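What follows is the residue order along each chain.
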Amino acid sequence: MRKVISFLLLAGFVFYFATLTGGLLIPDSSADRSSVGLDILSRSADETGSANAVTSVVVLYRGFDTLGEVTVLFLAALGISVFMKSTGEKRKKVLDQSFILKTGSRLLFPLMFLFGMYIIAHGHLSPGGGFPGGVIIATGFFVILLTSESVNFNKTLMSVLEGLAGLSFIGLGVVGLLGPGNSFLQNFLPLGTFNTVFSAGIIPLIYAVVGIKVGAELSSVVYAMKESK
Amino acid sequence: MNGVLSISTVLNFGSAGLIVLGLYIVFTQKNLIKMVIGIDIAETGVNVLLVSTGYIKGNTAPIFSKAGLQVSSMVDPVPQALVLTSIVIGFGVSALALAMIIKLYEKTGTLDTSKIRGLKW
Amino acid sequence: MLYLLAFLVVVMLIAGIAVIVVKDILSAVILTTVISLVVSVIFLFIASPDVAITEAAIGAALTTVVFVIAIKRTRSKETTDKE
């Protein structure tokens, strides 16, 4: 029975995609592109001051969606820390890592942290932004966690950072709501010179907040999964 | 355009292949971690499909990095923003599923779905 | 570019089939990482560098980390039981 059901479902999917294949999905000329994308592209540089149109869509035009995304990530991290409750035991002695591995990871961590910060700060100019930057910081934290015997992981500090970051995201949105624009996440700062680091109003601020939140959250997820009993 | 092979055909074929492979893994494998891998692969295929809907042949990325870039020669930014959200949420889903699997393993001592009562089908 | 894209798609699908074939779960996870990296290169070629950098950071690095932790924590008890 199980095999029959799986076979039918898979055959249905194969048939469906076979009908799609053949250039139905991708417009090959600029004539039949979506009007929403074209509209956003033509006004985003003047309205938001951000050189990267994807960033302006993520942070401003669909900013409410990003708030929901951050909330979903927070709920996932909450669920993981509920499942992986730490007993507060002394962590087991790590296998003796080689000296080169230890030193290398200690040298690598500041570089990864710096690179994550760079990705976060340049989210409105180049590809990147808060989400990949935060993930890079969390990966650097994992490198340290993997090799050194004693990690002073301050769980309270991480939760405080995460909560403050989430609060300031909503706070920035509410300031926009009270300001002259009168809508949630409306830009209230001067736009500055186009294509420089200090430009694009509140976009770098929101991405910095998102980066801190994602970095703290994913670091505690990795820590909870690795160290709990 | 040379013959049947175009960029859209290749991308559709690849994403459809990934989705079908992922679903096949979820349906046929008995190991719980391998089922999560299947979900991950199917999700990657969906992301490729979504991004490829916004692609226009020969156009540049939607970034005004230098002056003189025309709006009409850029790809659609909206599907890319959607997929950005989708990737992050996909990671959250996988991590939560794996945490549940670790707890289940501590309770039952096995990862085989045919040996756990209530997970058989 | 068309043939490069076709080559990448073929590599991706071969890695996907290999996930089904291999018995070891750790090899399957590494093959998933290969799929993620190849998909990230495909994203770069279809003019979406934002998605490419996110896929490389999350799909290829952090997902692998979480999977490997899960495998390590579900395998240790099994091997000590058998020995």
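Below, the structure is looked at part by part. (Residues numbered from 1 in each chain as written. Chains lettered and ligands numbered in written order. Predicted model: local features only at pLDDT ≥ 70, side-chain atom pairs only at ≥ 80, totals over all residues. Heavy atoms only, no water.)

### Points about the overall build of chain A
Looking only at helices and strands, chain A has eight helices and zero strands in total. A buried classification covers 44% of the 229 residues belonging to chain A. A sequence separation of at least 24 residues applies to 70% of the contacts in chain A between residues at least 6 apart. Of the roughly 12100 Å² that chain A leaves accessible, carbon and sulfur atoms contribute 70%. (Helix = DSSP H or I, 4+ residues; strand = E, 2+ residues; numbered from the N terminus. Buried < 20%, exposed > 50% of the residue type's maximum accessible area, 1.4 Å probe, protein only. Contact = heavy atoms within 4.5 Å. Areas by Shrake-Rupley, 256 points an atom, 1.4 Å probe, with all protein chains shown as cover.)

### Some remarks on the overall build of chain B
Of the regular secondary structure elements, chain B holds three helices and zero strands. N-terminal to C-terminal, the α/β element order of chain B is α-α-α. Expressed as a percentage of its 121 residues, the buried residues of chain B come to 59%. Nonlocal contacts in chain B, meaning residues at least 24 apart in sequence, comprise 52% of its contacts between residues at least 6 apart.

### Regarding the interface of chain B and chain A
Taken residue by residue, the interface counts 50 residues in chain B and 52 residues in chain A. Of the roughly 4400 Å² buried between chain B and chain A, counting both surfaces, carbon and sulfur atoms make up 74%. Inspection of the chain B/chain A interface yields zero salt bridges. Between the two partners, chain B and chain A, sit two residue pairs in polar contact (both at pLDDT 80 or more). When contributions to the side of chain B that touches chain A are tallied by element, the ones reaching two or more residues are helix H1 (7-28), helix H2 (32-53) and helix H3 (77-108) of chain B. (Buried area = accessible area lost by both parts, 1.4 Å probe. Salt bridge = Lys/Arg side-chain N within 4 Å of Asp/Glu carboxyl O. Polar contact = N/O pair within 3.5 Å; in protein donor to acceptor, adjacent residues only side chain to side chain.)

### Quick notes on the interface of chain A and chain C
Listed as interface residues are 19 residues of chain A and, on the opposing side, twelve residues of chain C. In total, about 1300 Å² of surface goes out of reach between chain A and chain C, with carbon and sulfur atoms giving 77% of it. Its largest share of buried area at the contact with chain C, chain A owes to Pro127, Val135 and Met225 of chain A, together 34% of the area lost on that side. The interface formed by chain A and chain C contains zero salt bridges. Within the residue set of the side of chain A that touches chain C, elements represented by two or more residues are helix H3 (53-61), helix H6 (130-147) and helix H8 (203-227) of chain A. Tallied by class, the residues present in the side of chain A that touches chain C amount to twelve nonpolar, five polar and two charged. (Nonpolar A, V, L, I, M, F, W, Y, C, P; charged D, E, K, R; others polar.)

### What to know about the side chain of Ser94 of chain B
Tracing the sequence through the fold places Ser94 of chain B in helix H3. What makes Ser94 of chain B buried here is its relative accessible area of 7%.

### What to know about the nonpolar core
Nonpolar side chains in soluble globular proteins generally cluster together in the buried interior. Ranked by size, the top nonpolar core spans 103 residues in total, and within it Phe169, Ile206 and Met225 of chain A, Ile33 and Leu98 of chain B together with Ile42 and Phe43 of chain C carry the most contacts. For Ile42 of chain C, the contacting residues outside a window of four places in its chain are Leu11 of chain B together with Leu5, Leu8, Val9 and Met12 of chain C. The next biggest cluster of nonpolar side chains, apart from the first, holds five residues, and it includes Leu10 of chain A together with Ile19, Val20 and Leu23 of chain B. (Core = buried A, V, L, I, M, F, W, Y, C linked by side-chain atoms within 4.5 Å.)

### Description of the pattern of salt bridges
All names here are of chain A. A full pass over the atoms with the stated rule returns five salt bridges over all chains. Across the salt bridge formed by Glu217 and Lys213, the nearest N and O atoms sit 3.4 Å from each other. Of the two residues, Glu217 and Lys213 both sit in helix H8, four residues apart, roughly one turn of that helix. In this structure, Glu217 and Lys213 share a single accessibility class: buried.

### Let's talk about the packing of aromatic side chains
Residues and elements named next belong to chain A. Using the criterion set out here, one finds two aromatic pairs over all chains in the structure. An angle of 45° between the planes, with centres 6.0 Å apart, marks the rings of Phe109 and Phe113 as tilted. Here Phe109 pairs with Phe113, and both are found in helix H5 (residues 99-121), just four residues apart, close to one helical turn. (Phe/Tyr/Trp six-rings, centres within 6.5 Å; stacked < 30°, edge-to-face > 60°.)

### A word on the packing of H8 of chain A against H3 of chain B
Put simply, H8 of chain A and H3 of chain B touch, their axes get as near as 11 Å, and they point 20° apart. Looking at the two axes, H8 of chain A sits roughly parallel to H3 of chain B. The two elements H8 of chain A and H3 of chain B meet at a crossing, and its hand is left-handed. In contact with Tyr207, Leu218 and Met225 of chain A of H8 of chain A, H3 of chain B contributes Leu84, Phe91, Ala95, Leu98, Ala99 and Ile102 of chain B. The residue makeup of the contact of H8 of chain A with H3 of chain B, split by class, is nine nonpolar, no polar and no charged. (Axes fitted to C-alpha atoms, helices over the stretch in contact; angles between N-to-C directions. Parallel < 35°, antiparallel > 145°, perpendicular 65-115°, else oblique. Left-handed = near helix turned anticlockwise from the far one by under 90°.)

### Concerning unusual backbone geometry
Positioned with a positive phi, Ala47 of chain C is a non-glycine residue whose angle comes to about 60°. Judged by its relative accessible area of 8%, Ala47 of chain C falls in the buried class.

### Side note on a nonpolar patch on the surface
All names here are of chain C. Where nonpolar side chains cluster on the molecular surface, the patch consists of Met1, Leu4, Phe7, Val41 and Phe45 and spans about 450 Å² of accessible area. Those elements that provide at least two residues to the nonpolar patch are helix H1 (2-21) and helix H2 (25-45). Looking at where Val41 falls in the secondary structure, it is placed in helix H2. Using a relative accessible area of 33% as the deciding quantity, one classes Val41 as partly exposed. (Patch = residues over 30% accessible without salt bridge, like charges linked within 9 Å, V, L, I, M, F, W, Y side chains within 5 Å.)

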